[in-house]
Amino acid sequence: MGKRSKIILGLLVAVLIGIIVTEIVRPRPINWSPSYTLASKIPFGCYVLYNELESIFPHNDIETVEENIYDVLVDRDTSTAANYILINDFIYLDEQETNQLLKFVDEGNQVFIATSNLTGKLADTLNIAIEQRYDIKEDSTKASFTNTHFNEEAFYFERGIIPAYLTSIDTAKTEILGHIHVKSSTLLNNTPNEIKISPNFIKTSFGKGNFIINTLPIAYTNYYMLSDKIGYSSQSFAYLNNNTLIWDDYKKSGRKVITSPMRFVLNQSALKWSYYLTITGLLLFVIFKAKREQRIIPIIKPLENSSVEFAKTVGSLYHQKKDYTNLNHKKITYFLTHTRNRFYVNTTVLDEKLITQLSAKAGKSIEETKDLIEFILSLKNKPIHSEQDALVLAKKINTFKQSYGR
């Protein structure tokens, strides 16, 4: 490698290292996207809540599931009562999941759902409809409880809130546990000042159990669990029984699906840049070094087939001496030996039995086989052979052997 190439290579490596170091040390922007997973430490993840469950429920066993609801509940022991916790910005259950969850509650269990968007068969069965408001400022939402025994009855939410409230409930089976308060003067169109109060937290009975539904899932995320709003989530959990808690970490917006090791590598910043650096280094090596130092590949002549050359030499000798009788006897001997070894027939006597067996095993007609054997017999009984005899014998043997290979 020349001096100039080394300088260029050094500069490229220095630039790559500089880019990598810059990416590693620069502050990462805050990720405000909703996640709700137990491992997510971003503002709208549920890492804090999940790790505080033991403090909130000191007498409850806690199970974590990462499968769909149907697979979790279909084989579950029905004798063990439980609370199923579903928290996400939207929740949709297919028909099988819905039927299994309804059966679970009907048997006396409870399901806690915190979502601002609940659709599908479950919402229809419970006669529930949720409406979302997108035209309200973030700092204009207040949520309150109907239970006057709670330490705090009202909480203000200032960021990440899309106010959602229940517009349809089954009043015969439903108890309202909380409301959401929105000042209409904070609407973007500046309508007259008016406080709109709507139910956003309910308990609705189904069979022997209950569905507890809250329309402010954002209140259960890290951002509010680490603030003075933590009381909202802990007080809302007061309606759950002292039974096993099943934390659902499958119905989550931020659930990561890794299907290959390479996807995991590319999702980790340090591993991703190490991978790119390795690939770049290998490419530079191939471009600047590998091609220049490649060894000359020697030309190896293939081995000559001495058997073919020997056969040609022997054939030339017979042709020059015109000893067709000896040549034909050797061709006949070779053909009969080949026939014995390939078809396992006795060629000592060239009779009708041999013709029948050879015709069947070689897939040839009786007439063609008989013609060849009779010609061989005629040559065996003939004391002196001509050049024409040698040509005819060679043609008949070659034609006979063509259909089944050599």
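Thresholds applied
Residues numbered from 1 in each chain as written. Predicted model: local features only at pLDDT ≥ 70, side-chain atom pairs only at ≥ 80, totals over all residues. Heavy atoms only, no water. Buried < 20%, exposed > 50% of the residue type's maximum accessible area, 1.4 Å probe, protein only. Helix = DSSP H or I, 4+ residues; strand = E, 2+ residues; numbered from the N terminus. Arc of directions from axis to C-beta. Contact = heavy atoms within 4.5 Å. Patch = residues over 30% accessible without salt bridge, like charges linked within 9 Å, V, L, I, M, F, W, Y side chains within 5 Å. Areas by Shrake-Rupley, 256 points an atom, 1.4 Å probe, with all protein chains shown as cover. Salt bridge = Lys/Arg side-chain N within 4 Å of Asp/Glu carboxyl O. Core = buried A, V, L, I, M, F, W, Y, C linked by side-chain atoms within 4.5 Å. Lys, Arg positive; Asp, Glu negative; His and termini not counted. Polar contact = N/O pair within 3.5 Å; in protein donor to acceptor, adjacent residues only side chain to side chain. Charge placed at Lys NZ, Arg CZ, Asp CG, Glu CD. Phe/Tyr/Trp six-rings, centres within 6.5 Å; stacked < 30°, edge-to-face > 60°. Lys NZ or Arg CZ within 6 Å of the ring centre and 35° of its normal. Axes fitted to C-alpha atoms, helices over the stretch in contact; angles between N-to-C directions. Parallel < 35°, antiparallel > 145°, perpendicular 65-115°, else oblique. Left-handed = near helix turned anticlockwise from the far one by under 90°. Nonpolar A, V, L, I, M, F, W, Y, C, P; charged D, E, K, R; others polar.

## Some details on helix α12 (residues 352–362)
Helical geometry note: an α-helix holds 3.6 residues per turn, so side chains three or four residues apart project in the same direction.
Inference 1: Taken together, the buried positions of α12 are occupied by L354, I355, L358, S359 and A362. Burial along α12 is one-sided: seen end-on, the buried residues are contained in an arc of 125°. Of the residues in α12, the exposed ones pointing more than 90 degrees away from the buried face are K353 and A360.
Inference 2: Check the buried side of α12 and you find it contacts α11 (324–343), α13 (366–380) and α14 (387–402).

## Considering a nonpolar patch on the surface
Inference 1: A cluster of nonpolar residues, Y275, Y276, I279, L282, L283 and I287, forms a patch on the protein surface that exposes about 580 Å² of accessible area.
Inference 2: For I279, the position within the fold is in helix α9 (residues 269–290).
Inference 3: By relative accessible area, which is 36% here, I279 ends up partly exposed.

## Some thoughts on unusual backbone geometry
Inference 1: Although it is not a glycine, N127 sits at a positive phi angle of roughly 55°.
Inference 2: Along the chain, N127 turns up in the loop between α5 (121–125) and β6 (129–132).
Inference 3: With a phi angle near 55°, Y344 is a residue other than glycine that sits in the positive phi range.
Inference 4: By secondary structure assignment, the location of Y344 is in the loop between α11 and α12.
Inference 5: Take Y344: its relative accessible area is 69%, and that puts it in the exposed class.

## Remarks on the pattern of salt bridges
Inference 1: Here the structure, examined in full by the defined rule, presents 9 salt bridges.
Inference 2: Among the salt bridges present, the one from E95 reaches K121, with a minimum N-O distance of 4.0 Å. Pair noted here: E95 is in helix α4 (residues 95–106) and K121 is in helix α5, with a separation of 26 residues, a long-range link.
Inference 3: Given a relative accessible area of 54%, E95 falls into the exposed group.
Inference 4: The partner of K364 in a salt bridge is E368, with the nearest N and O atoms 3.3 Å apart.

## Brief notes about the nonpolar core
Inference 1: Within the largest apolar cluster, 36 residues are counted, with the highest numbers of intra-cluster contacts made by I87, F112, F157, Y220 and Y232.
Inference 2: Listed by contribution, the elements that provide at least two residues to this core are α2 (47–56), β2 (82–87), β4 (110–114), β7 (141–145), β8 (154–157), β10 (174–183), α6 (222–225) and β13 (244–248).
Inference 3: Residues V65, L86, L93 and L101 belong to the second largest nonpolar core, which totals 27 residues.

## Thoughts on the side chain of D248
Inference 1: Following the sequence through the fold, D248 ends up in strand β13.
Inference 2: Although D248 lies buried, it forms no salt bridge, and the closest oppositely charged side chain, K252, sits 5.1 Å away as judged by the N-O distance.
Inference 3: At 3.3 Å, the side chain of D248 and the backbone nitrogen of Y250 are in polar contact.
Inference 4: Residues contacting D248, with those up to four places away along its chain left out, are V65, E67, Y84, I85 and L86.

## Let's talk about a negative patch on the surface
Inference 1: A surface patch of like charges, here negative, comprises E66, E67, D71 and D75.
Inference 2: Note that D71 resides in helix α3 (residues 69–73).
Inference 3: The exposure class assigned to D71 is partly exposed, which follows from its relative accessible area of 38%.

## So, the packing of aromatic side chains
Inference 1: Under the criterion given, the structure shown has 23 aromatic pairs.
Inference 2: Relative to F201, the ring of F145 has its centre 6.0 Å away and its plane inclined at 65°; by these criteria the two rings are edge-to-face. Of this pair, F145 sits in strand β7 while F201 sits in strand β11 (residues 195–206), and the two are 56 residues apart along the sequence.
Inference 3: Look at F201 and you get buried, because its relative accessible area is 0%.
Inference 4: Looking at K364, its charged tip hangs above the ring of F400, at a distance of 5.6 Å from the centre.

## Re the packing of α11 against α13
Inference 1: Orientation of α11 relative to α13, taken along the N-to-C sense of each, is 140°, at an axis distance of 11 Å. Between α11 and α13, the interaxial angle falls into the category oblique. The two elements α11 and α13 meet at a crossing, and its hand is left-handed. Only L372, I376, L379 and K380 of α13 make contact with α11, whose side of the interface consists of N328, H329, I332, F335 and L336.

## A closer look at the packing of α12 against α13
Inference 1: Running from N to C, α12 and α13 cross one another at 130°; their axes reach a closest spacing of 9 Å. On the basis of the axis angle, α12 is oblique to α13. Where α12 crosses over α13, the handedness of that crossing is right-handed. For the pair formed by α12 and α13, the contact residues are E352, L354, I355, T356, L358 and S359 on the first element and I366, T369, K370 and I373 on the second.
Inference 2: In terms of residue class, the contact of α12 with α13 is made up of 5 nonpolar, 3 polar and 2 charged.

## Some words on the environment of F201
Inference 1: With 14 residues separating them in the primary sequence, F201 and T215 have C-alpha atoms 6.6 Å apart.
Inference 2: Among all residues touching F201, those that are not within four sequence positions of it are F112, F145, L166, E175, I176, L177, G178, I212, I213, N214, S236 and Y239.

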